[in-house]
Each structure stands twice: as C-alpha cells, then as structure tokens.
Amino acid sequence: MFKRLIILLLAMVLSASSACAAEPAQALYLLVSRDAQGIDTPLGSAVLYQDGSTLLTTAWAVLHVGEGELYALGEGGALAVDSDNVHAFQEGIVLLTLETPSPAQPLGLNVTGSSTCALGHDAQGHPLCQEISAPAPIPYGDSAALLYSVPQAMLPGSVLVDETNALIGVTLAAYGEGVNRYMAIGSSQLPTSEKTTEWLTGFKLTLEWGFLTVDWSVCDFTCDQEDCVFAVIYTIKGNPYFSYLLSNGQESSIRFPAIPGETYQLRLQHAHGEPDYHAEYDVNDVETIAMFETPPFALYDYKDTDIYLSCAPAAEAESFQNTFLPPMEITAEALADENTAIFLQVSSSYTVEKNEVADLLLTLTTPEGYIFFTESGFIFDASLQEKDMWNIPVSDMLDDYLSFNATGVFAPGEYTLRYYLNGALANTFAWTLE
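Just so it is clear, the model here is predicted, and its values are computed rather than measured. (Residues numbered from 1 in each chain as written. Predicted model: local features only at pLDDT ≥ 70, side-chain atom pairs only at ≥ 80, totals over all residues. Heavy atoms only, no water.)

Draft legend 1. Layout of the packing of aromatic side chains. Overall, the coordinates contain 29 aromatic pairs when judged by the stated rule. Between phenylalanine 429 and tryptophan 431, the ring centres sit 6.0 Å apart and the planes meet at 35 degrees, which makes this aromatic pair tilted. Pair check on accessibility: phenylalanine 429 and tryptophan 431 agree, each one buried. Lying across the ring of tyrosine 71, arginine 34 places its NZ or CZ 4.4 Å from the centre. (Phe/Tyr/Trp six-rings, centres within 6.5 Å; stacked < 30°, edge-to-face > 60°. Buried < 20%, exposed > 50% of the residue type's maximum accessible area, 1.4 Å probe, protein only. Lys NZ or Arg CZ within 6 Å of the ring centre and 35° of its normal.)

Now the structure itself:
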C-alpha cells in the first residue's frame, strides 16, 4: 500500500507544471458558521463528493462552528448542513450531509492521475484555484502524504484537482514548516459515504393509549451486519417537517408517544451506516394511521391549580426547572428573544402512595395548524405536601416554529400548548398574538 501511494504521489509531482482549470468547480462550497443575526464567519472549504448531498472536508474546517449554525455557500445558495449527519474518519476526513441536495454535480474522482492545483478559499472566503509548487511525498502513518506549497494561504478543507477539476486528493492540514505549505492524502485513501438504503413495506402499526408502535418483524427481512440501521420517518399530517427514530439491526420495533386525534404518515427505511432521510419514495412506501382521541388524565386525583407562560434568563434556564416564576407578558418580541428561556409553568396537586413515573408529551399548535412537540417524563412525588410547581421548557418548540415559518416571525393568531401524561390530555394553555 505504501509503495503504491508513493508512486501515485510521485506522479502528482512529475506533472506539477500543467495548468489549473480556469474557474473553481461548481462543486466547491464555503463552510460558514451563521450566528443568530445571520452573520457568516468563514470556516473552511468543502466539495461535493459522490452525490449531491455529501460534502467532503477535514475536521479543521468544522472545528469552530461554536454556537452558530453550519451552512455551505455555493451553487444553490446557502445550504444548511445536517448537524445529525456528520461522519468523522481516522484520517481527519469529515463527510457532511446537506439538508437540501445541491443542484451541482459532485467532483469526478481520479485515483491514478496527477494533481496540479489546490482548490479552496482564502481567509475571506473567496474561491481560489492555485498551482501547487515544491511537491514532495512523505510517509504518513502506514501510507503516504504529499507536501505542497501555494502562493496564497487557504482555509482548511481545500482539495487537490487535475486540469479537469477531477478530485485527486484532499488537504488534511497546514504543515508546520514553511509558509503556505500543506499536507494532503490521495483520493484512493478517501472514505465512502456508505449510503446504501432501501424502503421497507408491509410493516405493522399498533395503536395504544397515546402511543404508536412500528413493527417490522413481519416484513420477512433481517440484517445481521454491524452497521445495519432502521429508521422510522414520520410526519404529522399538515406539518412542514418530518421526524425520525432510529433502531439498530438487533431490534424489530419502535414504540413512541403519538398525539391523540392526529394523523401520522410513516415510512420505514433500512440502511447501512447513516439513513438517507431525503431518499426518493413513492406512495406505496407510506403507511397512514389516525390516532384515536383519549379522555382527560384522571389518575391520582390529579388537577392543575394554575397554568401559564413564564420566562427566565436563558443562561440560567436549568436552575429554574422547579421554581415558581410569575406570568410573563406574551408578545412576539418576548417569545423570539434568544436571551430568554420560555416555560409552561404548571402548579398541580395529586396523591400517590409511592413515586410514579409518567410519559410527558408537550405539543404546540400554531395559527397555520402546524404542530411541534417535545417529549420527556414526569415524576409524581409521594412526599408532596402541598402543590407541585414545575416548568416545561417551550423555547425549543418556538425556535423550531420560527425556523419552518417562511417569514421568520410569529404569525398573528392563536397558539395552543397541550400537555399529555401517559397519552391522556392533562391541560391546555392558549394565547393570541395580534
């Protein structure tokens, strides 16, 4: 392996006098961290790799995202990067997944050709395609790497290409000795995205009191490989987004809280490695089921004595989980304030002989009819002497609503919070924004 890589890298050295492509490839993207004010900070470079949803870069290019959101700027505009689908490999290579596929074509792969140019961005985020100089192969672990220099410094994640912009290698890091000197590995050492997926049909759906079970043991399908994953991808009818639940190859069902009275549309995907949540599907891959309504929660003589929205400084939110907070003045500005944590404040009374645990499901219905939800648990405390005061965090659902609202602001109309205990409605709270 080492000898073969040395030969490939020497071929890169011998042809370093060829000309670079006239323009940077459309498959080149600038990775940025976007803060709450929409200001972008350049982090590094990435290129489309293997398909329109996968970006190839290095760990250094995504090291300083901080509190911002990761975006890729290039063909197709500003494309959000799925933070749940980041794959890091031992060589320092990282594969990212775009939430929306790029309209550009991925770079072609050339594992036997020669490289003449480094493709990437300068410190200000401007695209660059620079001829490399002083290339020299060096040992790197059990294989080999290539040292090279360029006239102008580049952000992390640049790649090596030939005169047709085919991918020859990827830059791992700046090299400590020399100005604008970098170390790269050949494309034969790059990982694959391993997006082998298929939709399964004929799975069984079981309704319970506020719960839904997806069972694929009836699909006559098994997978005993270590990277086997099953993904239940579901949408509440009318919602602008989907949710998903993951299971490994040793399991054959998933049970999760479902909102009474709502209609669910579900798909089941089998994958090796990471699921492809945006893979094409047809109507035969979808199962639809309507949840039945449930009566109000009536166990343990439970009743609420007070319910309203409250707020606290976001930096101290965790310390207010079981603290009395006064009602807040509900305005669109207050709900959108990133420095404020919003809670549903509940005061309740009940009687239990021993501590009891219940599933807690909180939903938010917006004026557009969208439903957002969050799941947690609730402990009925046997030592309770008077009323129990507790706060359910709401801020994440409000943030989700703003991210899916095309205007980015709270729409006028009625908003309703409902919370369910063990699948039964415990209480509601509603407010109206003008």
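Still more to cover.
Draft legend 2. A look at the nonpolar core. Among the nonpolar cores identified, the biggest contains 63 residues, and Tyr264, Leu266, Tyr302, Leu344, Tyr419 and Leu421 are the most heavily contacted of them. Setting aside residues no more than four positions away along its own chain, tyrosine 264 makes contact with Leu212, Tyr234, Thr235, Ile236, Phe256, Ala258, Ile259, Glu287, Thr288, Ile289 and Met291. By size, the runner-up hydrophobic cluster in this structure holds 38 residues, among which are Tyr49, Leu55, Leu95 and Met183. (Core = buried A, V, L, I, M, F, W, Y, C linked by side-chain atoms within 4.5 Å. Contact = heavy atoms within 4.5 Å.)

Draft legend 3. Looking closely at the pattern of salt bridges. For the structure shown, the criterion picks out 3 salt bridges. Here aspartate 40 makes a salt bridge to arginine 34, at a shortest N to O gap of 2.7 Å. Under the relative-accessibility criterion, aspartate 40 is labelled partly exposed at 27%. Two residues, lysine 354 and glutamate 356, come together in a salt bridge whose shortest N-O distance is 3.1 Å. (Salt bridge = Lys/Arg side-chain N within 4 Å of Asp/Glu carboxyl O.)

Draft legend 4. Quick look at the environment of serine 187. Position of serine 187 among the secondary structure elements: in the loop between β13 (181-186) and β14 (196-200). Linking serine 187 and leucine 167, residues 20 residues apart in sequence, is a C-alpha distance of 6.8 Å. (Helix = DSSP H or I, 4+ residues; strand = E, 2+ residues; numbered from the N terminus.)

Draft legend 5. Quick look at the sheet that holds strand β28 (residues 424-433). Pairing is antiparallel across the open sheet formed by 4 strands, whose spatial order is β25-β24-β27-β28. For this open sheet the edge positions go to β25 (371-380) and β28, each flanked by a neighbour on one side alone. Geometrically, the sheet is characterised by an average inter-axis angle of 20 degrees between neighbouring strands, direction not taken into account. Each of β24 (356-365), β25 and β27 (413-421) is contacted by helix α3 (residues 395-404), which is oriented at about 170 degrees to β25, the strand it contacts most. (Pairing = 2+ DSSP bridges. Axes fitted to C-alpha atoms, helices over the stretch in contact; angles between N-to-C directions.)

Draft legend 6. Up close: the pairing of strand β3 (residues 54-58). Counting buried residues along β3, 5 of its 5 residues qualify, which places the element largely inside the surrounding structure. Of the two faces of β3, both are covered, the one formed by Thr54, Leu56 and Thr58 as well as the one formed by Leu55 and Thr57. Of the strand pairs in this sheet, strand β2 (residues 40-48) and β3 are connected by 2 bridges, and their pairing is antiparallel. Of the residues in β3, the one forming a bridge with valine 47 is leucine 56. Once β2 ends, the chain turns through 5 residues before running back antiparallel as β3, passing glutamine 50 with a positive phi of about 75 degrees. As judged from the 5 bridges shared by β3 and strand β6 (residues 93-98), these two strands associate in the antiparallel manner. Within β6, the residue paired with leucine 55 across the bridge is leucine 96.

Draft legend 7. Summary view of α3. Turning to α3, its buried residues are Ser395, Met397, Leu398, Tyr401 and Leu402. Buried residues in α3, looked at end-on, bunch into an arc of 165 degrees, giving them a common side. Every exposed residue of α3 that faces more than 90 degrees away from the buried side is listed here: Asp396 and Ser403. Those residues of α3 hidden inside the fold are in contact with α2 (332-336), β23 (340-349), β24, β25, β26 (388-393) and β27. (Arc of directions from axis to C-beta.)

Purely geometric stuff here, so don't read any function into it on its own.
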